[in-house]
Amino acid sequence: MNNRIEQLQEFLKEDSNDSFLKYALALEYVLVKENDTAVNCFLKLIKDDENYVASYYQLGKLYESLNEVDKAAETYKRGIEIAKKMGNKKTLLELQEVYNMLLGIDEDEF
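Reading the values: the criteria
Every chain is numbered on its own, with residues counted from 1 as its sequence reads. Only residues with pLDDT of at least 70 get local features here, since the model is predicted, and only at 80 or more are side-chain atom pairs given and counted; chain-wide, interface and lining totals rely on the full set of residues. Neither water nor hydrogens contribute to the side-chain values; these are computed over all heavy atoms in the structure. Secondary structure is summarised from DSSP: a helix means a run of H or I of at least four residues, a strand means a run of E of at least two, and numbering begins at the N terminus for each. Atoms counted for the radius of gyration: C-alpha only. Globule rule: 2.2 Å times the number of residues to the power 0.38. Residues count as neighbours in contact if any of their non-hydrogen atoms are within 4.5 Å of one another. Each accessible area is a Shrake-Rupley estimate made with a 1.4 Å probe; only the visible protein chains count as cover when residues are assessed. Counting rule applied: Lys, Arg positive; Asp, Glu negative; His and chain ends not counted. For charged residues, the charge sits on one atom: NZ in Lys, CZ in Arg, CG in Asp, CD in Glu. Pairing of aromatic rings covers Phe, Tyr and Trp, the last through its six-membered ring, and needs centres within 6.5 Å; plane angles under 30 degrees mean stacked, over 60 mean edge-to-face, and all others mean tilted. The rule is simple: take the accessible area with a 1.4 Å probe, protein chains only, and divide by the maximum for that residue type; under 20% is buried, over 50% is exposed, in between is partly exposed. Any helix carries an expected span of 1.5 Å times its number of residues minus one. For this quantity, the arc is that covered by the directions from the helix axis to the C-beta atoms.

Enquirer: Is there a simple way to think about the overall build of the chain in this case?
Expert: Scanning the chain for helices and strands turns up 6 helices and 0 strands. For 110 residues, the compact-globule estimate of 2.2 N^0.38 gives 13 Å, and the chain sits close to it at 15 Å. Counting only C-alpha atoms, the chain reaches 50 × 30 × 20 Å along its principal axes. Considering only intrachain contacts with a sequence separation of at least 6, the fraction spanning at least 24 residues in the chain is 38%. Of the roughly 7000 Å² of accessible surface on the chain, 49% is carried by carbon and sulfur atoms. In the chain, the 14 positive side-chain charges and the 22 negative ones have mean positions that sit 4 Å from each other.

Structure follows, in structure tokens:
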């Protein structure tokens, strides 16, 4: 197994509530193409900490790479809602941009 994955799992044994570690672990699974495990890690992170907004972006991108467009769109929309609620403008703009790109919305048309 990947050394970084093992290391992150060890860190999580020490602090199982650390959202950053959960996020980093999910990203490592994406890197090694363990997509089902990565999806499950992101979903658990969102369930445990819905305000960790970066997870919506990464999970949406992963769904896109798996050609699961509806799940990607749903994930981005939920992330947009959370980012708005939190006042996180940077992540809100990033999520809105990938959501619009996914749906083929050209912002210049408005």
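Enquirer: I'm lost on the packing of aromatic side chains in this one. Help?
Expert: A ring pair, where both rings are aromatic, is described by two values, the distance of the centres and the angle of the planes. Scanning all chains against the criterion turns up 2 aromatic pairs. Between the aromatic rings of Tyr-23 and Phe-42, the centroid separation amounts to 6.2 Å while the plane-to-plane angle is 65°, which identifies the pairing as edge-to-face. Placement of the pair is Tyr-23 in helix H2 (residues 19-31) and Phe-42 in helix H3 (residues 35-48), with a sequence separation of 19 residues. Side by side, Tyr-23 and Phe-42 carry an identical accessibility label, which is buried. Taken together, a centroid distance of 5.3 Å and an interplanar angle of 55° make the contact between Tyr-23 and Tyr-52 tilted. On the criterion of sequence distance, the pair formed by Tyr-23 in helix H2 and Tyr-52 in the loop between H3 and helix H4 (54-65) is long-range, its members being 29 residues apart. In this structure Tyr-52 comes out as partly exposed when scored by relative accessible area, which is 21%.

Enquirer: Looking at this structure, how should I read helix H5 (residues 69-86)?
Expert: Residues three or four positions apart in an α-helix share a direction because the helix packs 3.6 residues into each turn. For H5, spanning 18 residues, the distance from its first C-alpha to its last is 26 Å, which sits close to the expected 26 Å at 1.5 Å a residue. Those residues of H5 not exposed but buried are Ala-72, Ala-73, Thr-75, Tyr-76, Gly-79, Ile-80, Ile-82 and Ala-83. Next to the buried residues of H5 lie H4 and helix H6 (89-103). The positive-phi residue at the C-terminal boundary of H5 is Gly-87, with phi of around 75°.

Enquirer: Would you take a moment to explain the side chain of Ser-19 for this structure?
Expert: Structurally, Ser-19 is set in helix H2. Classification of Ser-19 by relative accessible area gives buried; the value is 11%. Once residues within four sequence positions are removed from consideration, Ser-19 is found in contact with Leu-45, Asp-49 and Tyr-52.

Enquirer: Just to check I follow, could you spell out H4 for this structure?
Expert: For H4, built from 12 residues, the straight-helix expectation of 16 Å at 1.5 Å per residue is met to within 8% by its first-to-last C-alpha distance of 17 Å. For H4, the complete set of buried residues consists of Ser-55, Tyr-56, Leu-59, Gly-60, Leu-62 and Tyr-63. An end-on view of H4 places all buried positions within 160° of arc, on one side of the element. Considering only its buried residues, H4 is in contact with H2, H3, H5 and H6. Directly after H4, the chain includes Asn-67, whose backbone phi takes a positive value near 60°.

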